[in-house]
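Observations on chain architecture
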Amino acid sequence: MSTPLNARPVSEVREGADALRRAVSSVVHLSDEVMDTVLVTLFAGGHLLLHDVPGVGKTTLARALATATGGTVGRIQFTPDLLPGDVTGVSIWRNDRSEFEFHPGPVFANVVVADEINRASPKTQSALLEAMAEQTVTVDGETRALPRPFLVMATQNPVEMEGTYALPEAQRDRFTCETSLGYPTRAAEMAMLGEQATADPLAALRPVMTVEQLRELVAGAQRVHASEGLRGYVVDLIAATREHPDVVLGASPRSSLQLLRAASAHAAVQGHDAVTPDDVQRVAPWVLAHRLILEHDVDAQRLVAQVLSSVPVHRPGA
């Protein structure tokens, strides 16, 4: 039987988030918005989709986050010939024991880097669905629990690049947030050349917390108070995406839960003990834009901004 989590207070969640921010920033230079998205995803207990061209530091970010949280890291290089068993693991027959022995795949880690996820076939991409949704893997009829915390940080190349597949809708819906690192500023790239020319900053990085502490911080972040009016605001925003004329398929009910969890995480990272509409509005573009199926040439970020401006805000006492 698992030991009940000791949810940490909001003040400790903020302290932990600040420590992680400093640790990760010592390895990879990120904008404040990207760093906020990473922390919100982590403390929401979710998964992150990084939409970028190769070589901007996505894998380094994942490794830095795993190291700073004291967790294990697994890496899967998605290629057209990758099989589902290469992700989840396989059972191999042992003649000396006359039985099958399970060999865990790279998905059995606290932080899983799914590199260039859209270079594999949709069948292989779907091997992550159960892992991301249930934090379990079922192979040959036996279900095995994955380590916790469990974060999939998937990198996705633009679909215009050669040898890519579009992610299935069900797969995109499992990612709590999406962001893009983008190219670094000139100052950041100059700093990178100076810092990494002769040494690997990852080698010097040390954990700032244990995985057990992280689990307790995540539990604390998800216990931030959300009023009934705030929950109603989340539901109204999701409903508005389904009614917008430029939306072919709006946000799913899962999106409502992910939006509330992300807003709770954002409030906790800021040190607030209650979720506000400002928290919801801050995380909504990260949570919703990648989930919507839109008419051709409609910009998802702009549409989410339209939805936010059109839905009345539920504020206490209003």
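Residues numbered from 1 in each chain as written. Predicted model: local features only at pLDDT ≥ 70, side-chain atom pairs only at ≥ 80, totals over all residues. Heavy atoms only, no water.

Bringing a nonpolar patch on the surface into the picture now. On the surface, Met190, Met192 and Leu193 cluster together to form a nonpolar patch covering roughly 280 Å² of accessible area. Assignment of secondary structure puts methionine 192 in helix H8 (residues 186-196). Relative accessible area serves as the criterion here: at 31%, methionine 192 is assigned to the partly exposed category. (Patch = residues over 30% accessible without salt bridge, like charges linked within 9 Å, V, L, I, M, F, W, Y side chains within 5 Å. Areas by Shrake-Rupley, 256 points an atom, 1.4 Å probe, with all protein chains shown as cover. Salt bridge = Lys/Arg side-chain N within 4 Å of Asp/Glu carboxyl O. Helix = DSSP H or I, 4+ residues; strand = E, 2+ residues; numbered from the N terminus. Buried < 20%, exposed > 50% of the residue type's maximum accessible area, 1.4 Å probe, protein only.)

What follows deals with the nonpolar core. Nonpolar side chains in soluble globular proteins tend to end up buried together. Counting residues in hydrophobic clusters, the biggest one holds 70 residues, and the most contacted among them are Phe43, Leu259 and Val280. Excluding residues that lie within four positions of it along the chain, valine 280 makes contacts with Leu230, Tyr233, Val234, Leu237, Leu259, Ala263 and Val275. Counting residues in each nonpolar core, the second largest holds 24 residues, with Ile76, Ala109, Met132 and Val139 among its members. (Core = buried A, V, L, I, M, F, W, Y, C linked by side-chain atoms within 4.5 Å. Contact = heavy atoms within 4.5 Å.)

Let's shift gears to the packing of aromatic side chains. For the structure shown, the criterion picks out two aromatic pairs. Centroid distance tryptophan 93 to phenylalanine 100: 5.0 Å. Interplanar angle 70 degrees. Geometry classified as edge-to-face. With relative accessibility at 43%, the residue tryptophan 93 sits in the partly exposed group. Judged by its relative accessible area of 56%, phenylalanine 100 is exposed. If you follow arginine 144 out to its NZ or CZ, it ends over the ring of phenylalanine 102, 3.8 Å from the centre. (Phe/Tyr/Trp six-rings, centres within 6.5 Å; stacked < 30°, edge-to-face > 60°. Lys NZ or Arg CZ within 6 Å of the ring centre and 35° of its normal.)

Taken in spatial order, the five strands line up as S2-S5-S8-S1-S9 in an open sheet, and their pairing is parallel. One side of each edge strand has no neighbouring strand; the edge strands of this open sheet are strand S2 (73-77) and strand S9 (177-179). Strand-to-strand twist in this sheet, taken as the mean axis angle between neighbours without regard to direction, amounts to 15 degrees. Relative to S9, strand S1 (residues 48-51) is paired through three bridges, and the arrangement is parallel. The partner of leucine 48 across the bridge, within S9, is cysteine 177. Against the sheet, helix H2 (residues 32-43) contacts S1, strand S8 (151-156) and S9, and its axis sits at roughly 160 degrees relative to S9. (Pairing = 2+ DSSP bridges. Axes fitted to C-alpha atoms, helices over the stretch in contact; angles between N-to-C directions.)

As a further point, take the environment of proline 122. Along the chain, proline 122 falls in helix H5 (residues 122-125). Distance from proline 122 to proline 168, taken between C-alpha atoms, is 6.8 Å for residues 46 residues apart in sequence.

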